[in-house]
Amino acid sequence: MEEGSAFLMTGLNVSLQLLVLLLLPPTECKLNPVVCATNDPLQTRFHYYQPGDLIVGGISSQYLSMSEDVTFEEHPKTKIVDEPIAMTKNYQHALSLAFAVKEINENPKILPNLTLGFHIYDSHFDARITYQNTLNLLFHQNKTTLNYDCDTKGNPVAVIGGLGSETSSHMASLLGMYKIPQVTYCLYDPAAHDKTQQLYRVVPNELYLYRGIIQLLQHFHWNWVGIIAKADDKGEKFVRTMEHMLSQNGICAAFIDRIPSQSNILDTLDLLNVFQTMPFTQNKTGVNVYIVSADSHSMLCLQVGLSMIEPDAMAPLQKVWVMTAHWEFSSETFHRDIDIQFFYGALSFAVHSNEVHGFQQFLQSLDPHSREDGFIKVFWEQSFNCLFPDTDGGKESSNACTGEEKLESLPGPFFEMHMTSQSYSIYNAVYAVAHAVHAMHFSRSKHKAIESRGSLESSKPQQFQLHRFLRRISFNNTAGDTVSFNEKGDVEVGFDIVNWITFPNQSFLRVKVVPRSVCNENCHPGYSKEKKEGKPFCCYGCAKCSKGKISNYQDTDNCFQCPEDQYPSHDKNQCLLKRLNCLSYEEPLGISLAVLALSLSGTTAMVLAIFIKHRNTPIIKANNWKLTYTLLISLLLCFLCSLLFIGQPQVMICLLRQTAFGIVFSLAVASVLAKTITVVLAFMASKPGSRMRKWLGKGFANSVVFCCSFTQATICIVWLCIDPPFPDVDMNSLPEEIIVQCNEGSAIFFPCILAYMGFLALVSFMVAFFARKLPDTFNEAKFITFSMLVFCCVWLTFIPTYLSTKGKYMVVVEIFSILASGAGLLGCIFPPKLYIIVWKPELNCKQQLVKRKKQKGDI
């Protein structure tokens, strides 16, 4: 107890010193480069680094390093043995992280155009080294000075670790200060967790483990058990919790044995004396079931202790071992020949895992000479009991490592080719971070598009911004399992019960035991619980979330609404950012309409140029050349004003869109009306004694055009003064898109503009229809009749089509109507004249114009 207290006081002292230093204000490294060259008192040479655009940090627990005991008589010294003891089975933890990163980088659907890298250090099961290597991740190896950042590119977006709750807690005390997300794969009781530290656990809550042990004991009616735990605070907590829950469920604890702490593991004499006096080795209590808090240290001590006791001096241990979920069946290199038959038939809890395809091939491709992987050389030498030729340090071995050794030849307690449950949790942790970073980048790009349409450069995302996305991440991994965090930061996953079958050749077999006792299956994300009438509360149905709602946790009581700028996914298990709905010049439809509008504008301008060039010819003079020019200019403006409808709406564009369209089109229709009336008056005035001659002056046609256009302009001015259009967004009309549009303001004026324009077109059509049989040499009426028929058909079709569409397609309908009606006027009225002017100039003479055909009748 004295040694334990001394170790605890040392840990508190280190923590307080680090806390004081970390509270110092941050300083830029580049201001004083000498600061970064400070040598650290703790330096570890084992790390695994792979560069990338984004770095995922990791703290593994592969090595057991012993240091001198800390006293208060001199300054603490840290002397780590040159060659630590490798816990070879834990090397797979680092490899599962590397394998997950490899898969993500090869997947174009996750983080496209970005590569993921990683940097892994080891905790050495030591608090001081854990603190040091966590700082190394933040401030980089061998240059650790608090709040000096010498290489910002290598900062991790998140850190994964550690194997034990103590290691995770040490890491969290530092990472929490810098708001860097930490994803841990150890069982962790949230009640003992500092609420200011934001941990994410890819394993279930530890309380579920205790309940699972109780249910297992009750299932087999075992009510007389022994408890074995480590002699430290964590072990005491396990004992207190289990004693309380056992007594509540009518199960008795016959004895409680405590295993020595880490500092005494290699003290063989003390360890032997302790184990020889333990009740479970003497079997004096008649207990057949042992419940073991099976963390790495406890199991290491237990295996070492059992291996030292002579079989004759120990009662037969044909017992049932019930291990907690911390345990993976492992043997260390310093007791290779331990008899694993001690644990034949053991039952253990393991976090649910599944087979990951491609992992064995990845392990077979490992290169023991890799320079990036600082762990593999020690692992290889200690696993295969050999030395590489370049190994220094005065070590001797009769075996030389060739690098051709096969991992599959190692016994299962040393290394497994299948992914263990802890490695599977790390694999899921990497994918959770990658999906969260992907969601964060996607969200930033979408919001950037909404705010500035790509005109601003994106700033580098900060690690603390990842928390919001990690909390609500949900995805299916490559093994088909769903991974999502609940509101407490735990993954919604269960435990597997594993029965261990051991063999004399140091091999073993896992057999999963799956006892199920539930009233119904869990409700998956996308569903909510639905009460069943006449059934107890634990029996419920699952109802699909209604339209617009989601649930992202299992067994949710109620689905909830997505934010206004998001919409539910197809499976209704997450909210996705809505896309912008706006006709732009960047999409094929917008480009096509813009090209069509410019083509028609160019054609109109060419016709106008031809008419101006031949303005003194009889055919131009005979049809009121001023009205002809007015009509062509107004058509040119009509085609150009359609471009105002393409692109993201702005204030000025919204003010001009409908008003410019209404005034310019009214001018065009008024010109057509004036030309039609002029044709009729000219024919009537040609009769002897007609009083219509006084109306044939140029002033009459100009008055018609002015009055018709002025009326439309007055309507538009009143509209702009009372309730003008403005840029707006519609979040609700389309379920998956945000409509960026011009809000027309008043709902009255736009229909008034269309109604007035339709009235002018109808009058023009009627007048032209009655004048269609006048003699050809005077007459444009038949062409005007057909052009106005096209015009009226286009706008009559426009009304129901416009009202039945939403978003950018409403704009497309209006642009098409503008272009189609304008093209109808241009194509029906002017081609006959162009034909005479360009291809039949001999007909463009005064003699042809005064030549009359046989009159067919009066108006």
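Residues numbered from 1 in each chain as written. Predicted model: local features only at pLDDT ≥ 70, side-chain atom pairs only at ≥ 80, totals over all residues. Heavy atoms only, no water.

1. A few points about the pattern of salt bridges
Close approach of charged atoms lets side chains of opposite charge pair.
Consideration 1: Taken as a whole, this structure holds 9 salt bridges when the rule is applied.
Consideration 2: When the shortest N-O distance is used, the salt bridge between Glu 206 and Lys 237 registers 3.8 Å. Here the residue Glu 206 occupies a position in helix H5 (residues 206-219), and Lys 237 occupies one in helix H6 (residues 233-248), the gap between them amounting to 31 residues.
Consideration 3: Note on Glu 206: relative accessible area 7%, which makes it buried.
Consideration 4: Glu 587 is paired through a salt bridge with Lys 808; the nearest N and O atoms lie 2.9 Å apart. Of the two residues, Glu 587 is situated in the loop between strand E26 (579-581) and helix H14 (588-613) and Lys 808 in helix H21 (residues 808-829); the sequence distance between them amounts to 221 residues. Lys 808 matches Glu 587 in its accessibility class, with the two residues each being buried. (Salt bridge = Lys/Arg side-chain N within 4 Å of Asp/Glu carboxyl O. Helix = DSSP H or I, 4+ residues; strand = E, 2+ residues; numbered from the N terminus. Buried < 20%, exposed > 50% of the residue type's maximum accessible area, 1.4 Å probe, protein only.)

2. Here we look at the environment of Val 763
Consideration 1: Locating Val 763 in the fold gives a position in helix H19 (residues 749-770).
Consideration 2: Residue classification places Val 763 among the partly exposed positions, given a relative accessible area of 27%.
Consideration 3: When the C-alpha atoms of Val 763 and Ala 670 are compared, they prove to be 9.9 Å apart, with 93 residues separating the residues in sequence.

3. A short note on the confidence of the model for the protein
Consideration 1: Here the protein shows a mean pLDDT of 80. Residues at 70 or above account for 76%.
Consideration 2: By mean pLDDT, the top-scoring element of the protein is helix H2 (residues 91-106) (96), and the lowest-scoring one is helix H1 (residues 2-22) (45).
Consideration 3: Confidence over residues 1-12 falls short of pLDDT 50; this stretch has 5 contacts with residues more than four positions distant or in other chains.
Consideration 4: Here residues 852-859 is modelled with pLDDT under 50, and outside its nearest four sequence neighbours on either side it reaches 9 contacts, counting other chains as well. (pLDDT = per-residue confidence, 0-100. Contact = heavy atoms within 4.5 Å.)

4. A word on the packing of H5 against H6
Consideration 1: Contact geometry for H5 and H6: axes closest at 11 Å, N-to-C directions at 45 degrees. When the interaxial angle is binned, H5 and H6 end up oblique. Of the two elements, H5 crosses H6, and the hand of that crossing is right-handed. Across the interface between the two elements, Glu 206, Tyr 210, Arg 211, Ile 213, Ile 214 and Leu 217 of H5 pack against Lys 237, Phe 238, Thr 241, Met 242, Met 245 and Leu 246 of H6.
Consideration 2: Of the residues in the contact of H5 with H6, the class split is 8 nonpolar, 1 polar and 3 charged. (Axes fitted to C-alpha atoms, helices over the stretch in contact; angles between N-to-C directions. Parallel < 35°, antiparallel > 145°, perpendicular 65-115°, else oblique. Left-handed = near helix turned anticlockwise from the far one by under 90°. Nonpolar A, V, L, I, M, F, W, Y, C, P; charged D, E, K, R; others polar.)

5. As for the sheet that holds strand E15 (residues 347-351)
Consideration 1: Strand order in the open sheet formed by 7 strands is E12-E11-E13-E14-E15-E18-E19, and the pairing between neighbours is mixed. Sheet topology places strand E12 (252-259) and strand E19 (508-513) at the edges, where each strand pairs with a single neighbour. The mean angle between the axes of side-by-side strands here comes to 30 degrees, regardless of whether they run parallel or antiparallel.
Consideration 2: Packed on one face of the sheet, H5 meets strand E11 (224-230), strand E13 (289-292), strand E14 (320-323), E15 and strand E18 (495-502) and runs near 145 degrees to E15.
Consideration 3: Against the sheet, H6 contacts E11, E12 and E13, and its axis sits at roughly 160 degrees relative to E11. (Pairing = 2+ DSSP bridges.)

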